[in-house]
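# Tertiary structure, described
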Amino acid sequence: MNMKKMTAVLLAGAMTMAMGASAVMAEGEVEAIKAAGKVVMTTNAEFEPFEFKDGEEIVGIDVEIAKKIAEKLGVELEITDIAFDSLIPSLNAGKADFIAAGMTATDERRKNVDFSDDYFNASQTIITAIDGEVKSRADLEGKIVGVQQGTTGDIYCTNEDGSSDISVAEVRRYPKGMDAVSDLLAGRVDAVVIDDFPAKKLVEKNADKIMTLDEAMTEETYAIAVPLGSDLTEVVNEVIKELNESGEMDKIVSAYISDGTDEAAEEEASSDAA
Ligand code: ARG
């Protein structure tokens, strides 16, 4: 072993002690997961149809994808449910192996995590009261907007980096998209900005009072996040590719989009998948 290598090994050892084992094991993560016999997905299960609670169980499109990842690795799947803005810190603290949370792959987040290939095209949608003042995207100017804390909807409306063409009067941040919608129903905010499919699910439940606008706020894509440098990315990409090529991804998505609580549709998706 030459001097350079030895320094590298010593450094790695020191980093292991400083950061905790799993954070630096990123490169051999797949091996570590197989040895542990389980893979840990972290999410925020307030995002139907991607992840939500059906009784005690967490279900949704992302969970179906995660099950395939676990299957590919030959291990059990464990899911932890935490606040959306804690997902990246939790992953980087070594508390989970990947994030599957309808997470938009943004350059800002790429500083802290690696993203898999995209698996879903989404947009930020505006929800307004049917009898309210917001009738178009431009009407958000000067309005009070509700968002889920730490999401791209929050980032875009807050406009810290000045990249948004709209300047709202105030952004109210909620732990759950559902709470933002409750405040919209109560007239405390003028609009809610949230991802398109969750928006549809939220509106469905109160279709007599609120609606989504056709005009989207932004376009984005979802990907699965893994620790920087993790070899798990390749496994995740393989699974996404296989699901896309076999047509299974479409089946999973349509089963949850038609009606996430419809057990018949979910069963159909899993039996078709088999
Ligand atoms: N796509 C948005 C983002 O990445 C919102 C995701 C919210 N996901 C959730 N599971 N609550 O910021």
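### Observations concerning the overall build of the protein
- Within the protein, the regular secondary structure consists of 12 helices and 14 strands.
- Of all 274 residues assigned to the protein, the portion counted as buried reaches 47%.
- As displayed, the protein has an accessible area near 13400 Å², and 50% of this comes from carbon and sulfur atoms.

### Notes on empty space enclosed by the protein
- Taken as a whole and assessed by the stated rule, the structure comprises 1 cavity of 30 Å³ or more.
- Empty space within the largest cavity amounts to approximately 100 Å³.
- Lining the largest cavity are 14 residues, and of these Phe47, Phe84, Ala101, Gly102 and Thr151 sit closest to its centre.
- Along the lines of polarity and charge, the residues of the lining of the largest cavity split into 4 nonpolar, 7 polar and 3 charged.

### A look at helix 4 (residues 61-73)
- Across its 13 residues, helix 4 extends 19 Å between first and last C-alpha, which sits within 8% of the 18 Å expected from 1.5 Å per residue.
- For helix 4, the full list of buried residues reads Ile61, Asp62, Val63, Glu64, Ile65, Ala66, Ile69, Ala70 and Leu73.

### Some remarks on the layout of surface pockets
- Considered as a void within the structure, the largest pocket measures approximately 580 Å³ in volume.
- Broken down by secondary-structure element, the contributors of at least two residues to the lining of the largest pocket are helix 5 (87-92), helix 6 (107-110), helix 7 (152-158) and strand 13 (218-222).
- The biggest single contributor to the lining of the largest pocket is helix 7, with 5 residues.
- Per-class residue counts for the lining of the largest pocket are 7 nonpolar, 8 polar and 9 charged.

### Brief notes about the pairing of strand 13
- Here strand 13 shows a buried face lined by Thr218, Glu220 and Tyr222 and an unburied face lined by Glu219 and Thr221.
- Inspection of the sheet shows strand 8 (residues 120-129) paired to strand 13 by 5 bridges, in the antiparallel sense. Across the sheet, the residue bridging to Gln124 is Thr218, located in strand 13.

### Notes on the environment of Pro198
- Along the chain, Pro198 falls in helix 9 (residues 196-204).
- By relative accessible area, Pro198 is classed as buried at 2%.
- As for Pro198 and Gln124, which are separated by 74 residues in sequence, their C-alpha atoms are 9.9 Å apart.
- Ignoring sequence-local partners within four residues, the contact set of Pro198 consists of Phe47, Glu48, Pro49 and Phe50.

### A short note on the site of the ligand
- Surrounding the ligand, one finds 15 residues, the nearest of these being Asn44, Thr104, Arg109, Thr152 and Asp195.
- Gly102 places a polar main-chain atom, nitrogen or oxygen, 2.8 Å from a nitrogen atom of the ligand.
- Interatomic distance of 3.1 Å between a side-chain N/O atom of Gln148 and a nitrogen atom of the ligand.
- Coverage of the ligand by the protein amounts to 100% of the 350 Å² it exposes when considered alone.
- Of all the cavities here, the one that holds the ligand is the largest cavity.
- Of the residues that constitute the shell around the ligand, the class distribution is 5 nonpolar, 6 polar and 4 charged.

### Notes on the side chain of Glu29
- Topologically, Glu29 is positioned in helix 3 (residues 29-36).
- Lys38 provides the closest opposite charge to the buried, unpaired Glu29, separated from it by 12 Å.
- A distance of 2.3 Å separates polar atoms of two side chains, one belonging to Glu29 and the other to Ser230.
- With sequence-adjacent residues up to four places away left out, Glu29 is seen in contact with Asp97, Pro227, Ser230, Asp231 and Leu232.

### Considerations on the packing of aromatic side chains
- The full count for this structure, using the stated rule, is 8 aromatic pairs.
- On the numbers, 6.2 Å between centres and 80 degrees between planes, the contact of Phe52 with Tyr256 is edge-to-face. Of this pair, Phe52 sits in strand 3 (residues 51-54) while Tyr256 is found in helix 11 (residues 248-259), placing the two residues 204 residues apart along the sequence. You'll find Phe52 and Tyr256 in the same group, each marked buried.
- Site record: aromatic cluster; members linked through ring pairs are Phe47, Phe50, Tyr119, Phe120, Phe197 and Tyr222.
- The ring of Phe197 is capped by Lys200, whose NZ or CZ atom sits 4.2 Å from the centre of that ring.

### What to know about the confidence of the model for the protein
- Per-residue confidence for the protein averages 89 on the pLDDT scale, and 84% of its residues sit at or above 70.
- pLDDT under 50 marks residues 20-24. Its contacts with residues more than four places away, or in other chains, come to 7 contacts.
- Here residues 260-266 is modelled with pLDDT under 50, and outside its nearest four sequence neighbours on either side it reaches 10 contacts, counting other chains as well.

What counts as what
- Residues numbered from 1 in each chain as written.
- Predicted model: local features only at pLDDT ≥ 70, side-chain atom pairs only at ≥ 80, totals over all residues.
- Heavy atoms only, no water.
- Helix = DSSP H or I, 4+ residues; strand = E, 2+ residues; numbered from the N terminus.
- Buried < 20%, exposed > 50% of the residue type's maximum accessible area, 1.4 Å probe, protein only.
- Areas by Shrake-Rupley, 256 points an atom, 1.4 Å probe, with all protein chains shown as cover.
- 1 Å grid on protein atoms, 1.4 Å probe; cavity = no way out; pocket = protein on both sides within 12 Å on 5 of 7 lines; lining within 4 Å.
- Points joined across faces, edges and corners; volume = space filled by probe spheres on them.
- Nonpolar A, V, L, I, M, F, W, Y, C, P; charged D, E, K, R; others polar.
- Expected span 1.5 Å × (residues − 1).
- Pairing = 2+ DSSP bridges.
- Contact = heavy atoms within 4.5 Å.
- Near = heavy atom within 4 Å.
- Polar contact = N/O pair within 3.5 Å; in protein donor to acceptor, adjacent residues only side chain to side chain.
- Sits in = over half its atoms within 2 Å of the grid points.
- Lys, Arg positive; Asp, Glu negative; His and termini not counted.
- Salt bridge = Lys/Arg side-chain N within 4 Å of Asp/Glu carboxyl O.
- Phe/Tyr/Trp six-rings, centres within 6.5 Å; stacked < 30°, edge-to-face > 60°.
- Lys NZ or Arg CZ within 6 Å of the ring centre and 35° of its normal.
- pLDDT = per-residue confidence, 0-100.

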